[in-house]
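# Observations on chain architecture
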Amino acid sequence: MGKFAIKKVPTGVKFNLVASNGEIIGTSEVYTSDAACKKGIESVKNCAPVASVEDQTVENYEAQKHPKFEIYSDKAGAFRFRLKAKNGEIILSSEGYTAKTSCKNGIDSVIKNADSTVVEE
């Protein structure tokens, strides 16, 4: 089972969703308070299991309603995903993957680990 790891940074606080093997699956935005950060974690827990997947790397992709995972290509050509909440805000972003399959596996891992009750501060 994964965990949410809250981390203080110079500009505030953020969290990582970490798989049981220690790999970071996704990272949040930087929040101004611990309370806001914890609300972000709750949003991931609520949205990930019901989010659809919108693959923006294919032509004429079908736009999905929020909450959703968006698969996209970054400027370097890597595949990435971001989880958007019901209000359209990005609540979790991935690293870059060289293969789209790996990116999709990352989404599956978020869904699998988002129900974690472990929050480390």
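Let me sum up the structure you'll find in this document. These figures come from a predicted structure and were not determined experimentally. What you see as residue numbers is a count from 1 along each chain, following the sequence as written. Confidence filtering applies because this is a predicted model: local features only for residues at pLDDT of at least 70, side-chain atom pairs given and counted only at 80 or more, and all residues used for totals across whole chains, interfaces and linings. Calculated side-chain values reflect all of the structure's heavy atoms, with hydrogen atoms and water omitted.

## A closer look at the nonpolar core
Grouped together as the largest cluster of nonpolar side chains are 27 residues, with contacts concentrated most on Phe15, Val44, Phe69, Phe81, Leu83, Leu92 and Val110. Under the scheme used here, helices are H or I runs from DSSP no shorter than 4 residues and strands are E runs no shorter than 2 residues, and both carry numbers assigned from the N terminus. Secondary-structure elements contributing two or more residues to this core are strand E1 (3–9), strand E2 (12–18), helix H1 (34–47), strand E5 (68–73), strand E6 (79–84), strand E7 (90–93) and helix H2 (100–113). Tallying contributions element by element places H1 first for this core, with four residues. In these notes, a set of buried Ala, Val, Leu, Ile, Met, Phe, Trp, Tyr and Cys residues joined through side-chain atoms within 4.5 Å is what counts as a nonpolar core. Between buried and exposed lies partly exposed: a residue is buried under 20% and exposed over 50% of the maximum accessible area for its type, with that area taken using a 1.4 Å probe on protein chains only.

## Description of the pairing of E5
Every other side chain in a regular strand lies on the same face of the sheet, so the side chains alternate between the two faces. In terms of burial, E5 is a largely internal element, five of the six residues being buried. For E5 and E6, the ladder comprises six bridges, and the chain directions are antiparallel. In the strand pairing of E6, phenylalanine 69 is matched with leucine 83. Between any two strands, pairing holds if DSSP finds at least two bridges. Where E5 folds back onto E6 in an antiparallel hairpin, the turn is made up of five residues, including glycine 77, whose phi is positive at roughly 90 degrees.

## Focus: the layout of surface pockets
Within this scheme a cavity is a closed region of a 1 Å grid, computed over the protein atoms alone, that accommodates a 1.4 Å probe without allowing it to escape, whereas a pocket is open but has protein on both sides within 12 Å along at least five of seven lines; lining residues each have an atom within 4 Å of a point. Grid points are joined across faces, edges and corners, and a volume is the space filled by probe spheres set on the points. Put simply, the largest pocket is a space of about 210 Å³. Taken together, 14 residues line the largest pocket, and the ones lying closest to its centre are Ala19, Asn21, Glu23, Ile25 and Ser109. Of all the secondary structure elements, the ones that give two or more residues to the lining of the largest pocket are strand E3 (24–27) and H2. At four residues, H2 tops the list of elements feeding residues into the lining of the largest pocket. Any residue that is not Ala, Val, Leu, Ile, Met, Phe, Trp, Tyr, Cys, Pro, Asp, Glu, Lys or Arg is counted as polar, Gly included; the first ten are nonpolar and the last four charged. Across the lining of the largest pocket, the residue classes tally to five nonpolar, six polar and three charged.

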